[in-house]
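Take a look at the letters that make up each chain.
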Amino acid sequence: MREKDIQYLDKEQLYELQLSRFKRTIERLFTSSPFYSKLWKKSGISPDKIKSLQDIRRFPFTSREDLRRNFPFGLLTLPLEKVVRVHTSTGTTGKPKAIFFSKRDINEAARLIARSMKMTGAKRGDVFQNMMSYGLFTGGLIFHYGAERLGVLVIPAGAGNTERQIELMQDFKTTIVHITPSYALYLADVLEERGVDPKNDLDLRIFYLGAEPYSEETRDKIEKIYGVDAFNSYGLSEMNGPGVAFECKRKDGMHVWEDNFILEIIDPLTGENLPDGEEGELVLSTINREAMPIIRYRTGDITYVYPEKCRCGRTHRRISRIKGRVDDMFIIRGVNVFPSEVERIIMNFPEVARNYQIILERESSLEVMRVKVEIKKRFFDGSIEHLRSLQERIKNKIKSELMVTPKVELIEPGTLPRTTGKSRRVIDNRKL
Ligand code: DLL
């Protein structure tokens, strides 16, 4: 089937495609995966009982722990001579997770990236600078293969070495950049210090932002600074890496490529499926992968499915911007808070620069949320009254929206640690 046709299949056709791929995946796993066949036999499931996609709900979830416990080869279903690549994902604790790819798996992952890039307007003749880390992280190589497949000129810059990134952008007249939102903000600082105006002195037109949660306000900020269209890109190593879900030109939710993944939203506490429109944890199953299919993987990411079809005409359903990970959420004085909500609030203040940090502490027996916010230089050096009132306004806004009274600290730009990869926004010192 042609790429374009897959994206615009009508609902029934997409359903049939998913169902047949789902059945085939389950049948294969029953015969080739000791891990799944054992698990499913224990739950009394067999492939011939699958009649509809709803039947996926009878399958047990696969957890991050399952991947760790079976590290490295436990979920591999092909002999090693048919496997051509491994990527790993490092958690904060213990063993990483290993994800294996056959040649076909790499091609299919690249197809999804090429499809996503094309959807946003990338085309031959574009110069694409990939500022994501190469190596075991998927943001480098998986995206790289997709960009080559589309036929753009790829600069495999990797993350970091900011001076060289700027030089590369200038020398090769880069038009498209793939970058984490926190590195995009950091890069903007360095450009400013060098006297380079990203809007007028460079040739940029498209940014792909992903690999970590960020707010709509941060996207707006990046679009304004660079004068580009910035598209949200979502994925995780366990599901190939990037290319799971991507925004189209409408920039209103990310299309999950449902010909490759089955998408469910569950209540993270009960595991019950939730209807479209309700927020919960995203669960994904691969239905077009050979080396290491994964069924009902609990991503830990909080989102919801848009109930209505996108105006772009594509049938693949959309998920909302990721609110955070189930385990990112912290509870302070009984209130549940996602760091992304704090970000959304503070980034709405024009005085706020590009970086912030949330520190959770205990002062005597009371829990305190300290929010350190970098302020643009001209405001930081401006009147003290203005700073005092700003501090008060940020505090009150957080208090009224999140029901927690924070301690707000305004600090000079460039004070907080900067990152070229994924950022760490919350430091929890309460357990110490
Ligand atoms: O971050 C893959 C990726 C690379 C995605 C490049 C997009 C661009 P992991 O290192 O395994 O893989 O981390 C996956 O990062 O479960 C989310 O919690 C978070 N994440 C990824 N993309 C987004 C996004 C890659 N657009 C984890 N918004 C996921 C929010 C994101 N969170």
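Residues numbered from 1 in each chain as written. Predicted model: local features only at pLDDT ≥ 70, side-chain atom pairs only at ≥ 80, totals over all residues. Heavy atoms only, no water.

Another point: the packing of helix H10 (residues 339-347) against helix H12 (residues 384-402). Look at H10 against H12: their axes get within 10 Å of each other, and the N-to-C directions meet at 135°. One element, H10, and the other, H12, form an angle in the oblique class. When the axes of H10 and H12 are compared, the crossing they make is right-handed. Contact with H10, carried on its side by Glu 341, Val 342, Arg 344, Ile 345 and Ile 346, involves Ile 394, Lys 397, Ile 398, Glu 401 and Leu 402 of H12 and no other residues of that element. (Axes fitted to C-alpha atoms, helices over the stretch in contact; angles between N-to-C directions. Helix = DSSP H or I, 4+ residues; strand = E, 2+ residues; numbered from the N terminus. Parallel < 35°, antiparallel > 145°, perpendicular 65-115°, else oblique. Left-handed = near helix turned anticlockwise from the far one by under 90°. Contact = heavy atoms within 4.5 Å.)

Our next topic: the side chain of Thr 175. Among the secondary structure elements, Thr 175 is positioned in the loop between helix H7 (162-172) and strand S5 (176-179). For Thr 175, the residues in contact, after removing those within four places along its chain, are Asp 126, Val 127, Asp 203, Leu 204, Arg 205 and Ile 206.

Here we take up empty space enclosed by the protein. Under the criterion given, the structure shown has 3 cavities of 30 Å³ or more. Here the largest cavity is characterised by a volume of approximately 50 Å³. Considering the residues around the largest cavity, the lining is formed by Asp 105, Glu 108, Ala 109, Asn 240, Asn 260, Phe 261, Thr 286, Asn 288 and Arg 289. At 3 residues, helix H5 (residues 103-119) tops the list of elements feeding residues into the lining of the largest cavity. In terms of residue class, the lining of the largest cavity is made up of 2 nonpolar, 4 polar and 3 charged. (1 Å grid on protein atoms, 1.4 Å probe; cavity = no way out; pocket = protein on both sides within 12 Å on 5 of 7 lines; lining within 4 Å. Points joined across faces, edges and corners; volume = space filled by probe spheres on them. Nonpolar A, V, L, I, M, F, W, Y, C, P; charged D, E, K, R; others polar.)

Turning our eyes to something else, we now look at the sheet that holds strand S3 (residues 127-130). Strands pair in a sheet through their backbones, by hydrogen bonds, and they do so in one of two ways: parallel or antiparallel. Here 8 strands make up an open sheet; going across it, the order is S4-S3-S5-S6-S7-S8-S9-S13 and the pairing mixed. Two strands close off the open sheet at either side, each with one partner strand: strand S4 (153-155) and strand S13 (318-319). In this structure, S3 lies alongside S5, joined through 3 bridges in parallel fashion. When the sheet's bridge partners are listed, Phe 128 is paired in S5 with Ile 176. The sheet contacts of H5 involve S3, strand S6 (206-210), strand S8 (241-247) and strand S9 (254-256), and relative to S8 the element is tilted by about 30°. (Pairing = 2+ DSSP bridges.)

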